[in-house]
Structure formats: structure tokens, C-alpha cells
Amino acid sequence: MKYNLLIFPPLSLAFHHSAVNILPVQYSHTLGRRVSSSRIAKTLHSFRPQINSSNRLEKLQRSFLTTSATLFSNNMNMLEEKSSLDVFYATEENMSDSTTDKITNSHLWKFATHTSDNYHDFTMEEAVAIRSALLTWYRANRRKLPWRGDPGPYDGSTAGIASNSSGKKPFKNGKKGTAAGQRDIQSFFGKKSKEDAKTNVKNDVNTIIPVTGYSVWVSEVMLQQTRVEAVIKYYLKWMESFPTVFHLANATEEEVNAHWAGLGFYRRARLLHEGAKFVVNELDGNLPETVDELLKVSGIGRYTASAISSIAYGRCVPVVDGNVCRVLSRLKGVANNIKAPIFKDKIGWRLAEQIVTAGDGLHAGEVNQAMMELGATYCAPTGSGVDKNDPLVDFYVSTKIGREVYELVKNDTLAMSDFVSRASVARGCSSACKLCEEDGITSLLFQLGEDLAQAQVQSTLSKEIASTIGHSKFPTCPPKKAKREEILGVAVLSRSTVSSQGDETKWFMVKRPLDGLLAGQWEFPSASIQSSAMGDNTKQQKQDIQDPILISKHVVDDAISCLLSNCTIVKRPKDFNLQTLWDCSSSIKTIVNEAAPMEHIFSHVRWTMYCQYSDISSSPFVELLDQEFTILYGGAECECRWMTEHEMQKVGITSSVKKVLSAVKSCHAYKGKCRKRKR
């Protein structure tokens, strides 16, 4: 790509490396060529349209230059009320020794020019100091939680832990607030929502769940991808029903599912159950203490094994999760995202180990919990890095880089472009740091420069704001994966029965396969009408999938008819299927939510559900289905049964099933059936 930029040569080096280091210098001697500031602004704006690329780095550079152009146009006072700016080619020989030393010894320069992952290692002095600060803070401020051996009442939210941040927040829309793309930190540390308040479970103050390998195992599995405050009530109920690994091993699958229902990621419960059986059957109920031995237990990975070994048994091993990676990234300037395998699976463990093993190496469990606690509170994604209550406020490289960039650009917003060029030249052709992502350093610096330039435009920039903006850039954002979109047709069949309890409604339920999404869970029969995984993911197809109004009634009818026809009842006449029950019923088939289809969102999938409901009590074949039986569902045999709502609670139904059931019970057809029954 060629850029026609004759007036302001340094900008070209922001895009292409060169052997010459370029720096803008005001009012140089005869080496410089005087250029008016208005002409610089015009040149920047004329340069902007020439960059037309989907490349992430070039987009950042374009944004940075656009902001810089705006600043030159709107804030001419930054040129110290002079009418021109001298820009000239300068090598390091043109700078004084003191200036060179100041730049090369700065945290910013070391970060921008490092080429080895050893740059991120802690010195022994750093590790000891950080470890000491973490332990002191954790022991005085940690949350009271049941899996830590605390008595009730419990409060898993972060409300009350962090005081209002003493630092001003980065700007947004010209006001002091959060940096772009971030939540306000006060929303994290502030008042609890109604939902959070419900999880403030009060337990008997005299009841303490002891910290054992089993109790830590259960808590760590539950806490994976789930908020602490949401886990508390599930943990207490679980430990009441399954207080030891023997109780869990002897439990049925349905009992386990019933206790897990609502936590999501149901595979975790199945693996925990399988692991308990392994410990009882193969290890006589004795959970191992070392990481290597724990890894032999079904369903236990490196993170869980390390947490159990460290917290329950005091072994000096690190524990690394997303919160810990965030803390490490800000402490040592890691220009990568916390989900990068090289970070979360490899080098992150090395860095965490340096802290855990520093000094006497004692209390490793507390050190690990302190880092995780800090990553969930003061060093959360919205953490400022300047809060006086943050125990590591003096150790963050992220805030130091923010302050040094502020000093670099406060009088010359284009200095960042030249600095990046010089840093790129300094790195040369050396091997890149394995821990920082490719172009991660350059991309991060341009993002930081852009945000600081915008703050300068809006007159909100200060050293403290710059520190917080710098802090917010670490770690980098992980690449976003689009959720798989799926539109489902759901068939809801009910029948009226008479029992000792009186009239009851039973619902036809099928059990999902033992692998894949919601493995082994009970649901209403459903079929995929459309999915983003089908065929070519063209722009038009994605638009169609995201617009449920495009799904017409006859499309839903056809999908559900095909679904029920393929649900052949095993050990019955071959032509006997659920469609027969559906068709022979005198009940009118009702589309439950034709106007507003229901949505259910998983971490990687979004379901849009169209439901049809029918009461098949009048079907002549319904009496054949009084007992449990199997059907061919999705091409394979699966278990199915009629369930009352009480029976659903016993097996543990998912949130998506609860949504469908609630919608059906609210529809006119179901209410009409209930009125007739009362007569």
C-alpha cells in the first residue's frame, strides 16, 4: 500500500518500519522545515481516506490519526500559541543523553521494545512484596463464603468490599465515566440487584461446612463460569444432600440433576458425579492430595486439581483462572487476552508460581484465593488501578505505562505515532515475545494513544485518568465469536389424569442424548427449523435467522409435524408415532407464542423457540402410554415419560423448559382446559 504523504513524513513510519527514527521537534534549527499547523491538520484529514483495509492494526492507526487531526484542528493552543510547527528527521544522535536515558529506562519503552517472555517474569523482590501485600489484604477483607469454612450469613457479591474508587474514571461521551466498552466499576461494587439480594443466603451461624478436598472440589466446579453470589444457595443445598463423596457417589443421576438445575453447563454435574464414583470405587473414598494424583480422577483438570491441592491440603502450587490472568497481565504488561492458550495454559502458570512460591512459600491456598479475589473485585475488568484500597496499586505496570504515555502525548499528540515507529525499529527482526499476541504491543499502544487523544480533545485528560485508561487496556480483548443462532419448533403435549392427589396434568418429556448441549436433560420434543450452522453463512442468511418474524406458521407446522412423525414409539406398531397421538386428539393445536417467540441464550448458542401446544387426553391411543417407554428421537433411541410438574422438579428441568412451560400455562387454550376441568 502506498501513501502520498509529502508534508509530514513521520506519519508514514507509523505504518511502515524504517531504519530511521523520526521524532517531531518544535522550532528546530536549520534542519527542520517549517509547516503551518493548519496544513498539518489538512494533511492528516487528506491522509485518512487512503487507508482502506480490514486489517485490525491499520484500523487502529486510522482511528488514531483521525483523532489527532481533530485535536490539531480544534485545540491550536496545544502548539503554545505559535503559528507553525517544525518537523524534521531526527536520529538518536539529535537527542541529548539525558533525554535518551529517560526514554530507554521508562516502563513504556521497556514494554514497547521487549522481545522475550522473560520480560514478564517477576524479580524475587517483586514477588515477595506482592505476596505479602495480597496476604495482608485478603486476611482483612475476604468475603465470607460457605466453602471457606465460614458460618452464615453469607454474601457472595462484592458490595461493601470496595469503597468508591478514588480515581476519576476515563471519559465517555465527553463526561467523566467509563472507558469505551466498559461497565462503570460502581455497578460492580455498588448496590445489589434484586436477583443478587435473593442469593444472600442466611445459614445458621453455628453451622460450618468444613474445608475438605471434597468441599473445595464441589465449590470449584460450581464456580466455573458462574457468579459467586449465584452459587451460594446451590452449594448449601448440595452439601446438605451430599455432604461427603460417598453420598454423591450413591446418588442417582436424576437427584444430581435436580440439585444442579438452574446452574447451567450441566456437563459439570455429570463429570462431578462420575468423579465421585471413581474416588469411591477406585480410591476407597480418599481424594488425592497432589496435583498429579488428582488429575487421574475423572473430570478433574489442572485448575481444579491445583485448587484442591492448594486450598484443602496446603500444597505450594499455583492456581490460574481468568481473574488471575487479568491480575498478572496488569502487573507485568501482558499484551494478550486471558483466553489465549499460551497465557492461561502455560506462561500464566509460571508467573503465578513465582508469586506463590516466593519467600517462605507458606499459605499457598490463601495466596491463590487472594489473587482470584482481587481479580473479581479491585482488579475486575472495570478496576481503575488507582484505588487506594487496591493492595497492588503500587505494582501495576499498566498504570505506569498510562502515565508515561500521558507525559509523551500531553504536548504533542502525534508523538505516539513516532514512538511506536521507534519502538518497532528497536525490536527489529528479533524473535517476538511468545506471551504477547502478534501486533499486540503496537495495537495496544495505538488504542491507548487514541483514548488519551480523545480525552485531550474533551479536556478531561489528567495523569490519574491516563493511569486508569492504561490499566483498562490490559489484558487485551479476546476475539469475539458469533453465537450460533438456532430456531426451534417445540411440541408441547399434555394429558389429564386422575390420581390420589386429584386431577393432575402430565407433560410429555424426552431425554436428550448424553453428549452435546444440555446432555442428559429432560425437555419437550423439539426440532431445528433453521440454524446458522446450516449451509453457507451468507449475510442474508444470518439476517434471516436473526429475524424470527420471517418464520411463518406453516413452516412451524411442517417442522413439528416432521418431528412427531419421526418419533416412532419402540415396541409398538411401526406406524404408531407421536404424530398419531397429535392428529387423533380433538384438541385444537395452539401456537403458544406466535407474536413473540421465546429466546433462550447460552454462552455460544441462542435459541429462538416457536411452541405448539395440544392436550391429547381425548386421543384413543393415549392409554397405551401409561408406562415409561422409549422413542426414536433424532435418529436414536431415547427415554421418555409423562411427568407432573412435581416430577419435573425431582429430575431437575432446565431454564429453557421452565420458560416454555410458563408460556404454555399462560396461553388461552391451556386456561380454557383448566376451566372445563373445574366444572
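Residues numbered from 1 in each chain as written. Predicted model: local features only at pLDDT ≥ 70, side-chain atom pairs only at ≥ 80, totals over all residues. Heavy atoms only, no water.

Attention now goes to the overall build of the protein. Tallying secondary structure elements over the protein gives 27 helices and 15 strands in all. Buried residues in the protein amount to 53% of all 679 residues. Sequence-distant contacts in the protein: of pairs separated by 6 or more residues, those separated by 24 or more amount to 74%. Of the roughly 31,900 Å² of accessible surface on the protein, 50% is carried by carbon and sulfur atoms. (Helix = DSSP H or I, 4+ residues; strand = E, 2+ residues; numbered from the N terminus. Buried < 20%, exposed > 50% of the residue type's maximum accessible area, 1.4 Å probe, protein only. Contact = heavy atoms within 4.5 Å. Areas by Shrake-Rupley, 256 points an atom, 1.4 Å probe, with all protein chains shown as cover.)

Residues spaced three or four apart along an α-helix point in a common direction, a consequence of the helix completing one turn every 3.6 residues. In terms of burial, helix α8 (residues 213–223) is a largely internal element, 10 of the 11 residues being buried. Within α8, the full set of buried residues consists of Gly-213, Tyr-214, Ser-215, Val-216, Trp-217, Val-218, Ser-219, Glu-220, Val-221 and Met-222. Residues of α8 that are buried sit in contact with α9 (228–241), α10 (245–250), α11 (253–260), α12 (267–283) and α14 (302–312). Positive phi appears at Gln-225, one or two residues downstream of α8, with a value of about 60°.

This brings us to the pairing of strand β12 (residues 598–601). Side-chain alternation along β12 places Met-598 and His-600 on a buried face and Glu-599 and Ile-601 on a face that remains uncovered. The sheet contact formed by β12 and strand β13 (residues 605–615) spans four bridges and is antiparallel. Bridge pairing in β13 places Glu-599 opposite Thr-608. As consecutive antiparallel partners, β12 and β13 are separated by three residues. (Pairing = 2+ DSSP bridges.)

This next bit is on the packing of α9 against α11. Where α9 meets α11, the axes come as close as 9 Å, and the angle between the chain directions of the two elements is 155°. Between α9 and α11, the crossing angle belongs to the class labelled roughly antiparallel. Between α9 and α11, the contacting residues are Tyr-234, Lys-237, Trp-238 and Ser-241 on the first element and Val-256, Ala-258, His-259 and Trp-260 on the second. Here the residues of the contact of α9 with α11 are counted per class, giving five nonpolar, two polar and one charged. (Axes fitted to C-alpha atoms, helices over the stretch in contact; angles between N-to-C directions. Parallel < 35°, antiparallel > 145°, perpendicular 65-115°, else oblique. Nonpolar A, V, L, I, M, F, W, Y, C, P; charged D, E, K, R; others polar.)

A few words now on the confidence of the model for the protein. Confidence in the prediction for the protein averages 76 pLDDT; 68% of positions are at 70 or higher. When the criterion is pLDDT under 50, residues 534–549 qualifies, and its contacts beyond four places in sequence or with other chains add up to 20 contacts. For residues 675–679, every residue scores under 50 in pLDDT, and the model assigns this stretch five contacts once sequence neighbours within four places are set aside. (pLDDT = per-residue confidence, 0-100.)

So, on to the nonpolar core. Grouped together as the largest cluster of nonpolar side chains are 132 residues, with contacts concentrated most on Trp-217, Trp-238 and Phe-524. The leading source of residues in this core is α9, at eight residues. Residues Ala-491, Ile-529, Cys-567 and Trp-642 belong to the second largest nonpolar core, which totals 23 residues. (Core = buried A, V, L, I, M, F, W, Y, C linked by side-chain atoms within 4.5 Å.)

This structure, assessed with the given rule, holds 24 salt bridges. The residue Glu-373 makes a salt bridge to Arg-143 at a minimum N-O spacing of 2.9 Å. Residue Glu-373 is located in helix α17 (residues 364–376), and its partner Arg-143 is located in the loop between α5 (124–141) and β4 (171–172); the two are separated by 230 residues in the primary sequence. Both residues of the pair, Glu-373 and Arg-143, belong to the buried class. Residue Arg-606 is joined to Glu-485 by a salt bridge in which the shortest nitrogen-to-oxygen separation is 2.7 Å. Separated by 121 residues along the polypeptide, Arg-606 in strand β13 and Glu-485 in strand β6 (residues 484–499) bring together distant segments of the chain. Each of the two residues, Arg-606 as well as Glu-485, counts as buried. Overlapping salt bridges, with partners in common, bring together Asp-117, Asp-121, Arg-350 and Lys-434 in one network. (Salt bridge = Lys/Arg side-chain N within 4 Å of Asp/Glu carboxyl O.)

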